[in-house]
Amino acid sequence: MLTRRRKEDERRNWKELNTDCLVMVLERVGMESLILDVPFVCKSWYRASLNPQCWKTLLFPVRLYDFHLYPRMTWPHKFIGRFMNVYQLQKFSVEGFVKLIVTRSRRSCVNILLPSECTSELLEFISNECPALKALVLPFDLMIDEGKVISKLVSKWKDLEQLHLGSTLFSFEEILTEVSLNCKNFNGLSVNGFVWNEEASTIATLLPKIKYLRLRMRASVPCESLKIIREGCKELVLLDAMEYCIGFQGKNEEIFKMASHIETIDYDAEEDFYIEHITDYASDGSFDGASD
């Protein structure tokens, strides 16, 4: 039986795999494979990799450096190093790379994790080329450098449903204000950093109808702040807090009692939540991510 199956596998011509089926598979392999592996299998796979459906989820490495601008760096990000080697590049440009990838989506991108090195001009380009975004992840360093610019661009993403903020210290209220005014289907927020009374009030006031709140790595949420969120966000059905969030260690019984009206209180929830895998990727800095 095994021998016959092995022979059948040997006779199977993967080049003849139905294009639609192949595209469905390639949607899930991730950016690295789409750029560095799939195009070199055969011509049909190369053509399939150019289908915009394969580029609906764009998970950039959190850090992409212009290596020719940083001569003291002796080694690049492992993905960038491989990219430069495969395509025989002497220099790597963040702007050029991001524009190449975003353009391949042909305005069909729905999930995106942005690299920290985005400039205001590059963010403007992305906002124009990704009008259908549903999930957006903003790393900590990008929030520091371009928080005010991002707050002005959010109004373009009318379909935005999920947002991860790498920090609550920079343009937090401005960004959530634009979300509340322009993103009518918004239902989930994920944050790193301090969520104290001021930030909790901002969430409760501007996003009273959110259903999902995820507190990621290094988040700090005192009980008093959670009370503000509980009273303001009455439609909340998921509160997901990593165990190392300050205020949640030891599965605090007071937290559970206070949030008893919430359907799910978890430390590693697995809801159908666009941003779930993307925020975990942003927190640990790994490259591979899951597509929607």
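Our subject is the structure listed above.
So, a few notes on the structure that sits alongside this text. Remember, it's a predicted structure, so these values are computed and weren't measured experimentally.

1. Some remarks on the environment of Cys118
Here is step 1 of the chain: Turning to its location among the elements, Cys118 is positioned in the loop between β2 (111-113) and α7 (120-129).
Here is step 2 of the chain: With 24 residues separating them in the primary sequence, Cys118 and Leu142 have C-alpha atoms 7.0 Å apart.

2. Side note on the layout of surface pockets
Here is step 1 of the chain: Here the second largest pocket is characterised by a volume of approximately 220 Å³.
Here is step 2 of the chain: Each residue belonging to the lining of the second largest pocket can be placed in one class, and the counts come to seven nonpolar, three polar and three charged.

3. Describing unusual backbone geometry
Here is step 1 of the chain: Backbone geometry places Gln88, a non-glycine residue, at a positive phi of 55°.
Here is step 2 of the chain: Note that Gln88 resides in the loop between α5 (78-86) and α6 (94-104).
Here is step 3 of the chain: Since its relative accessible area comes to 69%, Gln88 is described here as exposed.
Here is step 4 of the chain: Unusually for a residue other than glycine, Ser171 sits at a positive phi of about 55°.
Here is step 5 of the chain: As for its placement among the helices and strands, Ser171 is situated in the loop between β4 (162-165) and α9 (172-182).
Here is step 6 of the chain: Exposure remark for Ser171: the relative accessible area of 11% places this residue in the buried category.

4. A few points about the nonpolar core
Here is step 1 of the chain: Of all hydrophobic cores here, the largest spans 68 residues; its most connected members are Phe60, Phe97, Leu163, Leu165 and Leu189.
Here is step 2 of the chain: At five residues, α6 tops the list of elements feeding residues into this core.
Here is step 3 of the chain: Residues in contact with Leu165, not counting those within four places in the same chain, are Leu138, Met143, Phe172, Ile175, Leu176, Leu189, Ser190, Val191 and Asn192.

5. What to know about the pattern of salt bridges
Here is step 1 of the chain: Evaluation of the coordinates by the stated rule reveals five salt bridges.
Here is step 2 of the chain: One salt bridge in this structure joins Arg82 and Glu32, with 3.7 Å as the shortest N-O distance. With a gap of 50 residues between them, Arg82 in helix α5 and Glu32 in helix α3 (residues 31-36) connect regions that are remote in the sequence.
Here is step 3 of the chain: Under the relative-accessibility criterion, Arg82 is labelled partly exposed at 31%.

6. Observations regarding the pairing of strand β5 (residues 188-191)
Here is step 1 of the chain: Side chains of β5 alternate between two faces, with Gly188 and Ser190 and Leu189 and Val191 buried alike.
Here is step 2 of the chain: One ladder, built from four bridges, connects β4 with β5; its direction is parallel. When the bridges of β5 are listed, Leu163 appears paired with Leu189.
Here is step 3 of the chain: In the classification by handedness, the crossover that spans β4, the intervening α9 and the parallel β5 is right-handed.
Here is step 4 of the chain: In this structure, β5 lies alongside strand β6 (residues 212-215), joined through four bridges in parallel fashion.

Rules behind the numbers
Residues numbered from 1 in each chain as written. Predicted model: local features only at pLDDT ≥ 70, side-chain atom pairs only at ≥ 80, totals over all residues. Heavy atoms only, no water. Helix = DSSP H or I, 4+ residues; strand = E, 2+ residues; numbered from the N terminus. 1 Å grid on protein atoms, 1.4 Å probe; cavity = no way out; pocket = protein on both sides within 12 Å on 5 of 7 lines; lining within 4 Å. Points joined across faces, edges and corners; volume = space filled by probe spheres on them. Nonpolar A, V, L, I, M, F, W, Y, C, P; charged D, E, K, R; others polar. Buried < 20%, exposed > 50% of the residue type's maximum accessible area, 1.4 Å probe, protein only. Core = buried A, V, L, I, M, F, W, Y, C linked by side-chain atoms within 4.5 Å. Contact = heavy atoms within 4.5 Å. Salt bridge = Lys/Arg side-chain N within 4 Å of Asp/Glu carboxyl O. Pairing = 2+ DSSP bridges. Right-handed = clockwise from strand over helix to strand, strands pointing away.

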